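Coordinate inspection notes
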Amino acid sequence: MSSVSYHISNLLEKMTSTDKDFRFMATNDLMLELQKDSIKLDEDSERKVVSMLLKLLEDKNGEVQNLAVRCLAPLVSKVKEPQVETMVDTLCSNMMSDKEPLRDISSMGLKTVIAELPLSSSGLTLTAGVCKKITSQLIGAMGKQEDVSVQLEALDILSDMLGRLSGALVGFHSSLLSSLLPQLTSSRMAVRKRSILALGQLVPCCSPSLFSQLTEHLLTELSKAPPTSMTRTYIQCLATISRQGGHRVGEHLEKLIPMVVKFTGVEDDELREYCFQAFEAFIRRCPKEMSPHVATVTQLCLKFMTFDPNYNYDEDEIEDEDSMDIEDDLDEESDDEYSDDDDMSWKVRRSSIKCLEALISTRRDLLLSFYSSICPALLARFKEREENVRADVFAAFSTLLRQTRAGSSHHGNIMAGSDSGVSREEEPVVAMLKTQVPVIVKALHRQLKEKSIKSRQGCFCLLTELAHTVPGALEQHIPALIPGIVFSLTDKSTSSTMRIDALSFFHVLLLTHPPQAFQPHMQVLLPPVVACVEDTFYKITSEALLVTQQLVRVMRPQGQNATVEGFDPKPFVKEVFSVTLKRLKATDIDQEVKERAISCMGHMVCHLGDHLGSEVQGVLAILLERLKNEITRLTAVRTITLVSASPLKIDLSSILPDALSVLGSFLRKNQRALKLCTLACLTALLSHHTASIKPAALEPVLSELPALVDESDMHVSQVSVSLLTCLAKACPSSLAKISSSVLSGVLRLVHSPLLQGGALSAILDFLQALVLTKTSNMGFSQLLKALMAPFQSSQCSVDGSILHRQSFLSVARCVAALCSSCPKETPGTVTSLLQEVKKPGSPESARVLALLCLGEVGRNSSLGGNKEVQGVILEAISSTNEEVKTAASCALGSMAVGSLNDYLPFLLKEISSQPRRQYLLLHSLKEVISASPASSLSSHVESIWSLLFQHCECQEEGTRNLVAECLGKLTLVNAEQLLPRLKQQLKAGSPLARSTVVTAVKFTIIDQPAPIDLLLKDCIGDFLKTLQDNDINVRRVALVMFNSAAHNKPSLIRGLLATVLPHLYKETQIRKDLIREVEMGPFKHTVDDGLDVRKAAFECMYTLLDSCLEGLDVLQFLDHVEEGLKDHYDIRMLTFLMLARLASLCPAAVLQRLDRLIEPLKATCTTKVKAGSVKQEFEKQEELRRSAMRAVAALLAIPEVERSPSMADFANQIRTNADMASIYQSVQGGEGGGFGPAESMDIS
């Protein structure tokens, strides 16, 4: 300790030296000491250091002064409160000094101290104390009207302090407001501007009453019609507090809007600009409250976006193509007469266009009306003369296009089901846009040749958006666009970024339009692109190679011969080839250029190999070199795959042996992408070049394959098995060498519970190919035995682990695949399977498997003539063993799919006559309806329909659900006739029948596009009326059906949200009349019959967040989320997830409700379970707390959220409470911190 004091006192002594260098070095050393965490100062040293540094702030040397200021930062956290207060007092009094240098350095010092004051609860008392001191002094300084620079510094420091520490200043808010408001009338512009900034920092955290006071003050002042300069200040202040205070302005808008509208009529350009900035802030911060005023604001924007009183746009000049040169001459002449410096009208135009952009980006629901009102107006402004304003016009139009695209493809979640309904619904917008395309191109194509780079970049960005939004729409206009593209690529004065933009637009254009559109223009297009490939800047080269690759595909689109459509690529091949080859050979170039050169050359060989003649072999040799290089190997593998599959049948024999050896070694590498690409490449080589491959060359590959067939990576296994299938067809002799090791891996996969989908299909193909190779020890009977062996023992296990249900189904599919490859073996197999089922001593697993195999074999080849089969299956359905019964019902369904006429009447008769087996037989019927083609089912529809309706009021819910699923899937067979009949049943039946019908509708909504969608769209509203049903169970299933529609096909329900949401929200409320007490012995237990309905309602709300966000009134939605935060455990878990989702999707609305949302979160995080509770209670509470903490973490991720006093307080509580802090840390760190897919709820 003493050594530190000694060292510090030494430094302090040097600081008093007369030599400025000594003082500088000593101060620098002190700063380094203070920055060490370990340093501890005693009270005497603290005092000396502080007084010395404050003295040095008045040093004659500027560098020493600056260092002294920098020392203050680490010093704040190292000294005790009295010393910090001493520093602050001195700095504040110096700040009001008459000496300007001292004043400047002191205000820098104060800002440094403020930036370092601790926010943690342990340092809050210090922070609060210091803030009070500074604030009272600053308020005094602001009152000093005679010295403006003191005022300016005081306002600046105040803004800093409010921005960082507003929570500590709550007590001063009203006095700050009353001292800031008079500054708005200061005669000095700078004082007014800084006062506005300080008010902006005060707004987010002040109380609602203060906010109202400030707004009322501004309204009162504005209503007095002050001079224009003052009005500007007040309107600017309005815009700032709206931007900073967000939603709070909402409740005052009714009074504010007419006032601001009135001032747009004043002849003052700057005032108008501020008015539109205020409108923009209102629109972005309070979109809901602005709804009634949208029309007014839009009208004003449209009026003033053309406001250019000092310039006459000659309409004829727009029409006349050649007038550009004349216009340039006119400009040169008129420059002398009139200066644009005095003209501020461009600011009005710019602010009104930005206001329109805010409207477009916040109100996607009004998109259609924007196309009729805003779109033509923006198009007309493409001729804007002021470059900056024109850039904003382009930006606003690009926003319109982005919103259109977001609307038409809607949310990634629904991409699988971006059904005809969605596209049909969004079509009017896209259709309107398509009609505008000629106008857009006409307005832009000449600007593409302008000197202004900013304009050209804006044009290219806009055109790129357009090509993405309506692919193919520019096809007719390509001749008009080409000169502009070529100009930007060849113009000597063009910057490199401009060229890159032009190339990237050209690339998008080539991708989104058919090749025929470009072929006639090849002569013009190719030279500038080729020149760009030769450019010295690697980014241009790289982009140009991408374009060249697309142009190669345009020269000869795949699958067409060279002569088709009369386009001959021959004249262009040589120049493209030579520049690409030059880049391909170069080794001292950028990685990206290397990769794109390889890819581009691959496309040339693939599409134009026959024009390259002897050059091809040289290129292949280079590709082989690149394949051996670790940096370029992945691209080289992809390129060889492309070349090998070329319809031109390129001869690869020169590189095949070496390539196969290198590719084999890649299968050992740990890089998954490389493995997958290599397997795809090998499959392509085997498929297209079998004749050139010698069996010996395959050795390196064969040895690596068995290890890849493993359940740890199903996708790699799937691609490996597909390669083995190719091998079985192309080189059966090679496969025989590794067949035993490969087969054991394949069988392990077949018996794995993870096998399904693509991997299972690949294995079925492989087994069929394998059995046809007639390899010894790989015949039908050996494969069958190997597949079924594990199921024969009563233990039924593979490698000691019990077999999963999925593996029974996989093996059954494999057996059926083998039978379909060897039809002669089928009858014998069926007989032995029947024996297995009938044999009394067979273990359960063997009987279950035999039944499933019979079903799958029957699905592929009719077993209708075999009476024995029916008897055996019926007997099995009556078995006492549950597994056998279930397997028999699956088998019966599968066989009926194979021979409908034999089995279906029999099945329907059994369902009617055997009530005890009904459930299992309905399972069979479900399989028949799901898997049979509509054409073969249509003759049986009536009999199935009437049978199902006989059972739709069954008391057993499981049976009813099965009947509903059958009904739903049957409706898909003939929707036009059956859907209206389902609707009829709603009116007729009992509550049970209604619930069955509504559940049936759920099963008609599938996530793929289907013909029923258009019919459903018209009548789903009638089915959703059951949300108002008297029966609680009908309401619950109606909610489940609504949830399914919102998840799989949002387009069905988007138009109905206004009518459905009130009923949905009604179901989220706790109903006392549904809560009852049940006596269980000495205990009373509360049962809530409404819980399931509430849960279903909240699940619907969660789904709507993902699929129909723009149709929701988020604030109303949040009211119900808030109720859910206090509900039952399951519902709270759901609402925490919703809150986290909302925090990222609509932060502004969440901030508006923040104070009300924090209370229930705080309650959950701080609740403790009673000491004597059971283990489950503790686990439940822990899970609730973690879930709540995830929601809190999502809230804390919203920018500026801690400006809310209640949130800042809660955040502090979490930091200081060890238990809560550890949960918060684990939620942030251990689970990714973000709220990605892992956080979303599975509702599929």
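Since the structure is predicted, the reported quantities are computational estimates derived from the model, not experimental observations. (Residues numbered from 1 in each chain as written. Predicted model: local features only at pLDDT ≥ 70, side-chain atom pairs only at ≥ 80, totals over all residues. Heavy atoms only, no water.)

Some remarks on the overall build of the chain
For clarity, the cut-off: Runs of E in the DSSP output that reach at least two residues are strands. Runs of H or I that reach at least four are helices, and both are numbered from the N terminus. Categorising residues by exposure relies on relative accessible area from a 1.4 Å probe, with only protein chains included: less than 20% of the type maximum marks a residue as buried, more than 50% marks it as exposed, and the intermediate range marks it as partly exposed. Whether two residues are in contact is decided by their heavy atoms, any of which lying within 4.5 Å being enough. What sets the accessible areas is the Shrake-Rupley method with a 1.4 Å probe; for residues, cover comes only from the shown protein chains. Residues scored as charged are limited to Lys and Arg (positive) and Asp and Glu (negative), so that His and the chain ends carry no count. By convention, charge coordinates are those of NZ in Lys, CZ in Arg, CG in Asp, or CD in Glu.
Looking only at helices and strands, the chain features 62 helices and four strands. Each of the three principal axes of the chain carries a C-alpha extent, and together these read 110 × 95 × 75 Å. Burial analysis of the chain (1244 residues in total) assigns 55% to the buried set. Taking contacts inside the chain between residues at least 6 apart in sequence as the whole, the part at least 24 apart equals 75%. Split by element, the accessible area of the chain, about 53,100 Å² in all, is 52% carbon and sulfur. The positive charge centre, built from 129 side chains, and the negative charge centre, built from 149, are 6 Å apart in the chain.

Some details on the pattern of salt bridges
Close approach of charged atoms allows side chains with opposite charge to pair. How we decide: One side-chain nitrogen of Lys or Arg within 4 Å of one carboxyl oxygen of Asp or Glu is enough to make a salt bridge.
This structure, assessed with the given rule, holds 46 salt bridges. In this structure, K36 and E33 form a salt bridge, with 3.0 Å as the shortest nitrogen-oxygen distance. For E1122, the salt bridge identified is with R1156, shortest N-O distance 3.0 Å. With E1122 in helix α56 (residues 1114–1124) and R1156 in helix α59 (residues 1154–1166), this residue pair connects regions lying 34 residues apart in the sequence. Here R1156 falls in the partly exposed class, since its relative accessible area comes to 41%. Several salt bridges converge on common partners, so that one network encompasses D308, R349, R381, E384 and R385.

Digging into the UniProt feature "repeat: HEAT" (unreviewed entry) in the chain
What counts here: UniProt positions are given in the numbering used here, feature names are shortened, and annotations may be inferred rather than shown by experiment.
Mapped onto this numbering, the UniProt entry annotates "repeat: HEAT" (unreviewed entry) at residues 49–87. Secondary structure over residues 49–87 splits into 77% helix and 0% strand, and the C-alpha atoms at its two ends are 11 Å apart.

Side note on the pairing of strand β3 (residues 1075–1080)
Put simply, the test is: Strand pairing is assigned whenever DSSP identifies at least 2 bridges connecting the two strands.
Looking at chain direction, β3 and strand β4 (residues 1083–1088) are connected through six bridges and run antiparallel. Its bridge partner being in β4, E1079 is matched across the sheet by K1084. Linking two consecutive strands that pair antiparallel, namely β3 and β4, is a turn of two residues; a positive phi of about 65° is found at G1081 within it.

Looking at the packing of aromatic side chains
Note the following rule: By convention, a stacked pair of Phe, Tyr or Trp rings (six-membered ring in the case of Trp) has centres within 6.5 Å and planes under 30 degrees apart, an edge-to-face pair has planes over 60 apart, and any other such pair is tilted. Look at NZ for Lys and CZ for Arg. If either is within 6 Å of the ring centre and within 35 degrees of the ring normal, a charge sits over the ring.
For the structure shown, the criterion picks out nine aromatic pairs. Note on F382 and F397: the rings are 5.6 Å apart at their centroids and 75° apart in plane angle, and the pair reads as edge-to-face. Of this pair, F382 sits in the loop between α20 (367–380) and α21 (387–409) while F397 sits in helix α21; the two residues are 15 residues apart in sequence, bridging distant segments of the chain. For the residue pair F382 and F397, the accessibility class agrees, reading buried in each case. Three or more aromatic residues joined by ring pairs make a cluster, and in this case those are F276, F279, F304 and F307. One residue, K262, lies across the ring of F263, its end atom 5.1 Å from the ring centre. A cation sits over an aromatic face here: R633 above F666, 5.5 Å from the ring centre.

What to know about helix α57 (residues 1129–1145)
Selection rule: Given a helix with a known number of residues, its expected span is that number minus one, times 1.5 Å.
Taking 1.5 Å as the rise per residue, α57 with 17 residues should run 24 Å; its terminal C-alpha atoms sit 24 Å apart, in good agreement. Among the 17 residues that make up α57, 12 are buried, leaving the element largely enclosed by the rest of the structure. Buried-residue contacts for α57 involve α55 (1091–1107), α56, α58 (1147–1152), α59 and α60 (1175–1196).

So, the packing of helix α54 (residues 1057–1066) against α55
Put simply, the test is: Structural elements are reduced to axes, namely lines fitted to C-alpha atoms, with helices fitted over the stretch in contact, and the angle between N-to-C directions of any two is expressed from 0 to 180 degrees. Oblique is the label for every angle not falling under 35 degrees (roughly parallel), over 145 degrees (roughly antiparallel), or within 65 to 115 degrees (roughly perpendicular). Crossing chirality is assigned from the near helix's rotation relative to the far helix, an anticlockwise turn below a right angle marking it left-handed and a clockwise turn marking it right-handed. When residue character is reported, Ala, Val, Leu, Ile, Met, Phe, Trp, Tyr, Cys and Pro are called nonpolar, Asp, Glu, Lys and Arg charged, and the others, Gly included, polar.
Where α54 meets α55, the closest approach of the two axes is 10 Å, and the angle between their N-to-C directions is 140°. When the interaxial angle is binned, α54 and α55 end up oblique. Crossing angle aside, the handedness with which α54 passes α55 is left-handed. Contact with α54, carried on its side by L1057, L1061, L1064 and Y1065, involves A1097, C1100, M1101 and L1104 of α55 and no other residues of that element. Tallied by class, residues from the contact of α54 with α55 come to eight nonpolar, no polar and no charged.

With respect to the confidence of the model for the chain
Here is the rule: A score from 0 to 100, pLDDT tells how confident the predictor is in each residue.
Mean pLDDT over the chain works out to 81, with 92% of the residues at or above the 70 mark. Across the chain, the secondary-structure element scoring lowest on mean pLDDT is helix α18 (residues 323–337), at 40, and the one scoring highest is helix α31 (residues 633–644), at 92. Across residues 316–338, confidence stays below pLDDT 50; counting only partners more than four residues off in sequence or on other chains, it has 15 contacts.

Quick notes on helix α24 (residues 478–490)
The first and last C-alpha atoms of α24 sit 18 Å apart over 13 residues, in line with the 18 Å expected at 1.5 Å per residue. All of the buried residues in α24 are I478, L481, I482, G484, I485, V486, S488 and L489.

Focus: the packing of helix α6 (residues 100–116) against helix α8 (residues 148–165)
Taken N-terminus to C-terminus, the directions of α6 and α8 make an angle of 10°; their axes are 10 Å apart at the nearest point. As summarised for this structure, α6 and α8 are arranged roughly parallel, according to the angle between their axes. Residues R103, D104, S107, L110, K111, I114, A115 and E116 of α6 pack against S149, V150, E153, D156, I157, D160, M161, R164 and L165 of α8. Of the residues belonging to the contact of α6 with α8, the class tally is seven nonpolar, two polar and eight charged.

Focus: the side chain of S455
Relative to the assigned elements, S455 resides in helix α23 (residues 453–469). Ignoring sequence-local partners within four residues, the contact set of S455 consists of E387, R390, F394, Q447 and E450.

Points about the environment of K1049
Looking at the secondary structure, you find K1049 in the loop between α53 (1032–1048) and α54. With 41 residues separating them along the chain, K1049 and Q1008 place their C-alpha atoms 8.6 Å apart.

Thoughts on the environment of S644
For S644, the location among the structural elements is in helix α31. Residue classification places S644 among the buried positions, given a relative accessible area of 1%. A sequence separation of 258 residues divides S644 from D902, and the C-alpha atoms of the two residues are 49 Å apart. Setting aside residues up to four positions removed in sequence, S644 forms contacts with L652, A684, L685, H688 and H689.

A closer look at unusual backbone geometry
The phi angle at K649 is positive, at roughly 50°, despite the residue not being glycine. Residue position: K649 is located in the loop between α31 and α32 (656–666).

Points about the state of the cysteines
Filter applied, for reference: Note on terminology: disulfide denotes any pair of cysteine sulfur atoms within 2.5 Å.
One pass over the structure, following the stated rule, counts zero disulfides. Cysteine C301 remains unbridged, with the sulfur of C355 as its closest cysteine sulfur at 3.6 Å. The cysteine C814 is free of any disulfide, with C853 supplying the nearest cysteine sulfur at 9.2 Å. For C814, a relative accessible area of 0% puts it in the buried group.

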